[in-house]
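Summary of the model geometry
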Amino acid sequence: MSNQYDVLIIGGGIAGASLGARLAGKLKLGLIEAEEQCGYHASGRSAAFWMASYGGDLIRPLSLASHADLTAGWPSGERSWLRPRGAIHLSGPDTDYRDVLAALQSADRNYRIVDREELERLVPGIAPRFTSAYTEPSCTDIDVGGFLAACLGAIRRGGGQVLTGTALTGAERRGGEWVVTTSAGELRAARLVNAAGAWADRVAERCGVAPLGLEPKRRTVVQLRLGRTGLRDLPLIDYSSWTDGFYFKGEGDNRIWLSPTDQTPDEPRDVAAEEEDVAIAIDRFQRTVDWPIEAVERRWAGLRTFYQHFLLAIGEDPTAPGFNWSAGQGGWGFQTAPAMSALGAAAILGEPPPAQFDGLDVQRYRPRRWEELRAGQPSA
Ligand SMILES: Cc1cc2nc3c(=O)[nH]c(=O)nc-3n(C[C@H](O)[C@H](O)[C@H](O)COP(=O)(O)OP(=O)(O)OC[C@H]3O[C@@H](n4cnc5c(N)ncnc54)[C@H](O)[C@@H]3O)c2cc1C
């Protein structure tokens, strides 16, 4: 096995795998993943939905541009990764959706206000504190496992190598290439792509590149079995409060996935659900609907990693030739992956992204944008 690559991607989550799927077959590609299996960290712990309203002004164009590829089951085309679900955004004592809804409706008239009477029909047993809601019919589930596996399959079919159990421990730029030390020996590459999720700043430092200031934040999900059936197609019920927020969606006939939408600053590590966050989730759920909880069947947590909360870093680092980033995907790494990977691959190949991504301005997502904004430099 040769240890020489044109591009070596660090990280086998959806960011690294989807970028690899775009590049495979076009150049000599390697992907290294520290764990024994790809998708073990954030990409194996998501709540698995696509929602256009999620993530704000920089994220929305990426989510919308990604929809066609997710629908078509890119990169394998074996089936669609999306399954219709719909969402209901609740309005209650400490959140008012009117401003956000007005902005959303200007782009898509399908968002619709629901009064208390209709809300009671849509979510029987809903607590009186929720006075109304708006619906987002285009929200879908994403088959995240199928999507990740298809990306890894595309890398292999294109002649790329996926090396699991291989952690980057250091790298040095010598004579126009990177000499990379890993837990499984030395590798060389003309270009590195840092797609190491919560570890991306650490990987940068090990390569002698300044960190971006990424912030990993822990989020918890619990799977509850309820004394209620018919939940398979329950819309995503979302309450976007800073102090009392949650979402839940049906998972099978009598189960839900529930998150207290926690965002607790944490370290890059194998995080687990904390007892307190599970208790908060259950308390918020019980103050929302009168559906009896029979069992807490599963609980987990993952790290959503942010670049100043609203930015993303894609493309070559202006301070480090041959060092690219695909980082800061926060809570929307799956729903933006087709677009993120298209922009990332275009930057590497020096060619325009596929036509459906034409409207995206890659300059808005460039690494070091935060430093530029902070320094007051003109910025796209
Ligand atoms: C609870 C929760 C709910 C979410 N819900 C959604 C949702 O509904 N929709 C959505 O779109 N997104 C959602 N997300 C966000 C989404 O899961 C992430 O944005 C996405 O998985 C990030 O992918 P990644 O590849 O950047 O990171 P990761 O999946 O963490 O992959 C990074 C990989 O890099 C590897 N690595 C680290 N250091 C090294 C090294 N030195 N050498 C080699 N490999 C290394 C790690 O082992 C890891 O596997 C959610 C996240 C969480 C936690």
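Residues numbered from 1 in each chain as written. Predicted model: local features only at pLDDT ≥ 70, side-chain atom pairs only at ≥ 80, totals over all residues. Heavy atoms only, no water.

**Digging into the site of the ligand**
Neighbouring the ligand are 39 residues; Glu33, Ser43, Phe49, Gly330 and Gln335 lie closest to it. Contact between the ligand and Ile14: an oxygen atom at 3.2 Å from a main-chain N or O atom of the residue. Separating an oxygen atom of the ligand from a backbone N or O atom of Ala15 is a distance of 3.0 Å. Bound to the protein, the ligand loses 97% of the 1,000 Å² it would expose on its own. Only helix H1 (14-23), strand E2 (29-33), strand E13 (215-226) and strand E18 (293-306) provide two or more residues apiece to the shell around the ligand. Take the shell around the ligand: its biggest share by element is three residues, from E18. Composition of the shell around the ligand by domain shows at least three residues from each of domain 1 (4-48 + 144-214 + 308-374) and domain 2 (87-137 + 215-305). (Near = heavy atom within 4 Å. Polar contact = N/O pair within 3.5 Å; in protein donor to acceptor, adjacent residues only side chain to side chain. Areas by Shrake-Rupley, 256 points an atom, 1.4 Å probe, with all protein chains shown as cover. Helix = DSSP H or I, 4+ residues; strand = E, 2+ residues; numbered from the N terminus. Domains from an automatic or database assignment.)

**Comments concerning the pattern of salt bridges**
One pass over the structure, following the stated rule, counts 30 salt bridges. Here Glu78 ties to Arg79 by a salt bridge, and the two come within 3.3 Å at their closest N and O atoms. With a relative accessible area of 51%, Glu78 lands in the exposed category. Between Arg112 and Glu118 there is a salt bridge, with its nearest N and O atoms 2.9 Å apart. Judged by relative accessible area, Arg112 falls into the partly exposed class, the value being 40%. We classify Glu118 as buried; its relative accessible area is 19%. If you follow the salt bridges from partner to partner, you end up with Arg83, Arg85, Asp141, Asp233 and Lys249 in one network. (Salt bridge = Lys/Arg side-chain N within 4 Å of Asp/Glu carboxyl O. Buried < 20%, exposed > 50% of the residue type's maximum accessible area, 1.4 Å probe, protein only.)

**Thoughts on the side chain of Asn324**
For Asn324, the location among the structural elements is in strand E20 (residues 323-327). Owing to a relative accessible area of 2%, Asn324 belongs among the buried residues under this scheme. Side-chain polar atoms of Asn324 contact the side chain of Arg191, separated by 2.6 Å. When neighbours within four sequence positions are excluded, Asn324 is seen to be in contact with Arg191, Leu192, Val193, Asn194, Gly315, Glu316, Asp317 and Ile348. (Contact = heavy atoms within 4.5 Å.)

**Regarding unusual backbone geometry**
Between Trp74 and the following residue, Pro75, the backbone shows a cis peptide bond with an omega angle of 5°. Looking at the element boundaries, Pro75 is found in the loop between helix H2 (60-71) and strand E4 (82-84). At Gln308, a residue that is not glycine, the phi angle is positive and equals roughly 55°. With respect to the secondary-structure elements, Gln308 resides in the loop between E18 and strand E19 (313-316).

**Thoughts on the sheet that holds strand E8 (residues 140-142)**
If you trace the three strands from one edge of the open sheet to the other, you get E3-E8-E4, paired in antiparallel fashion. Pairing within the sheet leaves two strands with one partner each, and these edge strands are strand E3 (49-50) and E4. Two strands pair when backbone bridges link them, and E3 and E8 are joined in this way by two bridges, in the antiparallel orientation. In the strand pairing of E8, Phe49 is matched with Asp141. (Pairing = 2+ DSSP bridges.)

**Structural notes on the nonpolar core**
Core analysis: the largest hydrophobic core is formed by 50 residues, its most contacted members being Leu8, Leu192, Cys207, Phe323 and Trp325. Sort the elements by how many residues they give to this core and helix H8 (residues 337-349) lands first, with four residues. The two domains that each donate at least three residues to this core are domain 1 (4-48 + 144-214 + 308-374) and domain 2 (87-137 + 215-305). When residues no more than four places from it in sequence are discounted, the contact partners of Cys207 are Leu168, Ala171, Trp178, Leu192 and Phe323. Within the second largest apolar cluster, 40 residues are counted, among which are Leu104, Ile142, Cys151 and Ala345. (Core = buried A, V, L, I, M, F, W, Y, C linked by side-chain atoms within 4.5 Å.)

**Describing the domain arrangement of the protein chain**
Domain annotation of the protein chain identifies domain 1 (4-48 + 144-214 + 308-374) and domain 2 (87-137 + 215-305). Each of domain 1 and domain 2 was reduced to a C-alpha centroid, and the two centroids are 31 Å apart. With 20 residues of domain 1 at the contact, the number on the domain 2 side is 18 residues. Here domain 1 packs against domain 2, burying approximately 1,500 Å² in sum over the two surfaces, 50% of which is carbon and sulfur. In terms of surface lost to domain 2, no three residues of domain 1 exceed Arg45, Ala47 and Ala198, which account for 36% of the buried area on that side. Taken together, domain 1 and domain 2 are joined by two salt bridges. Notably, a salt bridge pairs Arg45 with Asp270, separated by 2.7 Å at the nearest N-O pair. At the junction of domain 1 with domain 2, the criterion picks out 10 residue pairs in polar contact (both at pLDDT 80 or more). (Buried area = accessible area lost by both parts, 1.4 Å probe.)

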